[in-house]
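# Descriptive structure summary
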Amino acid sequence: MSASAVLPDGRICRYSLRERVVHWIAGISYLYLLLTGLAFWSPWLFWLATLFGGGTVSRELHPWAGLVFVIAVGFMYGLWANQMHTTQTDREFWRALPHYVRNEDEEVPPADRFNGGQKVLFWGFFWCGIFLLLSGLILWFPPLIPWSLRYFRYAAVIIHPVAALLTIGLFIIHVYMGTALERGSCHSMVRGDVSAGWARKFHPAWYDRLMRAPH
Ligand code: HEM
């Protein structure tokens, strides 16, 4: 089942199996990173580490999970980057944001496969992933950084939590939108398909394009 295909029963394939597997590897590794990272961040949250085998085990596995997450985000880049460029419709989407928030759909420019907000989420995770990787590598192997380059170590101590906090903001909005706000979204990321009504409501330009294409 390839993405953006109309299925024989009239439903539409939104995410291919490959897209879903990559997404959930990113999602599960991110959750692990989030919970263990919060445990390292504040003594008030250290109890979270006990859920994952204690502080030592979490500290050992956190960087490896970080590599899994960054590799998954790299695969996401390969799958979706060419569909995430900002278009004129996205700029109009941001101007129409108050209408979007009030569910005044007729005032919102018709979104293609991804709307302006989803694109910001994608690039936000991508760039934060790069900063988390670079700062994380320095924090992983501090003795490899010579004393003359110690400012990179100081910078890493700041950049790592700042990038993580930015992703937490994105993550909360993303999970809220994907689970509570847009009914049917989560199904698409689990089973791959959406109803024609869902596609018409949330991504009308994508729906129209698919209906015009021969199938
Ligand atoms: C673990 C909790 C997560 C849940 C419940 C979740 C849920 C979803 C759902 C339901 C969709 C489909 C949205 C649609 O097509 O309308 C989606 C898409 C997507 N997810 Fe997640 N996700 C999670 C974690 C993540 C993480 C950690 C990332 C960061 C790499 C991520 C990145 C994306 C991207 C880039 C898309 C496609 C664009 C978009 O819909 O925003 N997701 N997710």
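Residues numbered from 1 in each chain as written. Predicted model: local features only at pLDDT ≥ 70, side-chain atom pairs only at ≥ 80, totals over all residues. Heavy atoms only, no water.

## What to know about the overall build of the protein
Along the backbone of the protein there are 10 helices and 3 strands. Each of the three principal axes of the protein carries a C-alpha extent, and together these read 60 × 35 × 30 Å. Within the protein, the fraction of its 215 residues that count as buried is 37%. Contacts in the protein between residues far apart in sequence, at least 24 positions, make up 67% of those at least 6 positions apart. As presented, the protein carries roughly 12800 Å² of accessible surface, and 70% of it is formed by carbon and sulfur atoms. Separation between the mean location of the 18 positive side-chain charges and that of the 13 negative ones in the protein comes to 8 Å. (Helix = DSSP H or I, 4+ residues; strand = E, 2+ residues; numbered from the N terminus. Buried < 20%, exposed > 50% of the residue type's maximum accessible area, 1.4 Å probe, protein only. Contact = heavy atoms within 4.5 Å. Areas by Shrake-Rupley, 256 points an atom, 1.4 Å probe, with all protein chains shown as cover. Lys, Arg positive; Asp, Glu negative; His and termini not counted. Charge placed at Lys NZ, Arg CZ, Asp CG, Glu CD.)

## Digging into helix H10 (residues 204-212)
Those residues of H10 that sit buried are Trp206, Tyr207 and Leu210. The buried residues of H10 occupy one face: seen down the axis, they fall within an arc of 100°. Here the buried face of H10 lies against strand S1 (5-6), strand S2 (12-13), strand S3 (193-194) and helix H9 (196-202). (Arc of directions from axis to C-beta.)

## What to know about the nonpolar core
Counting 28 residues, the largest nonpolar core has Tyr30, Leu34, Phe69, Met76, Trp80, Phe122 and Phe125 as the members making the most contacts within it. Contributions of two or more residues to this core are made by helix H1 (17-41), helix H2 (47-50), helix H3 (55-80), helix H6 (116-140) and helix H7 (150-181). With 8 residues, the top contributor of residues to this core is H1. Filtering out sequence-adjacent residues up to four positions away, Phe122 remains in contact with Met76, Tyr77, Trp80, Ala81 and Met84. The next biggest cluster of nonpolar side chains, apart from the first, holds 7 residues, and it includes Ala199, Trp206, Tyr207 and Leu210. (Core = buried A, V, L, I, M, F, W, Y, C linked by side-chain atoms within 4.5 Å.)

## Notes on the pattern of salt bridges
Scanning all chains against the criterion turns up 6 salt bridges. Among the salt bridges present, the one from Glu19 reaches Arg113, with a minimum N-O distance of 3.0 Å. With Glu19 in helix H1 and Arg113 in the loop between helix H5 (97-101) and H6, this residue pair connects regions lying 94 residues apart in the sequence. Across this residue pair, the class does not change: Glu19 and Arg113 are buried. Asp90 is the salt-bridge partner of Lys119, the closest N and O atoms lying 2.7 Å from each other. With Lys119 in helix H6 and Asp90 in helix H4 (residues 88-95), this residue pair connects regions lying 29 residues apart in the sequence. An identical accessibility class is assigned to Lys119 and Asp90; each is buried. (Salt bridge = Lys/Arg side-chain N within 4 Å of Asp/Glu carboxyl O.)

## Comments concerning the layout of surface pockets
Considering only enclosed or pocket space, the second largest pocket measures out at about 720 Å³ in volume. In terms of lining residues, the second largest pocket is bounded by 28 residues, among which Gly37, Phe40, His62, Leu132 and His160 are the most central. When residues of the lining of the second largest pocket are traced back to their parent elements, those giving at least two are H1, H3, H6 and H7. Among the residues forming the lining of the second largest pocket, the class breakdown is 20 nonpolar, 7 polar and 1 charged. (1 Å grid on protein atoms, 1.4 Å probe; cavity = no way out; pocket = protein on both sides within 12 Å on 5 of 7 lines; lining within 4 Å. Points joined across faces, edges and corners; volume = space filled by probe spheres on them. Nonpolar A, V, L, I, M, F, W, Y, C, P; charged D, E, K, R; others polar.)

## Here's the deal with unusual backbone geometry
Of note in this structure, Asn103 is not a glycine but carries a positive phi near 60°. When you line up the elements, Asn103 lands in the loop between H5 and H6.

## Considering the coordination of the iron atom of the ligand
Listed as protein donors to the iron atom of the ligand are His23 (NE2) and His174 (NE2); their distances from the metal cover 2.0 Å. Here the iron atom of the ligand is ringed by 6 donor atoms whose angles at the metal span 85 to 180°, and the overall shape comes out octahedral. Here His174 lies in helix H7 and His23 lies in helix H1, a separation of 151 residues in the sequence. Of the residues examined, His23 reaches a relative accessible area of 13% and is grouped as buried. By relative accessible area, which is 32% here, His174 ends up partly exposed. (Donors = N, O, S within 2.8 Å, 3.2 Å for Na, K, Ca; no water. Tetrahedral: all angles 85-135°; square planar, octahedral: opposite > 155°, others 65-115°.)

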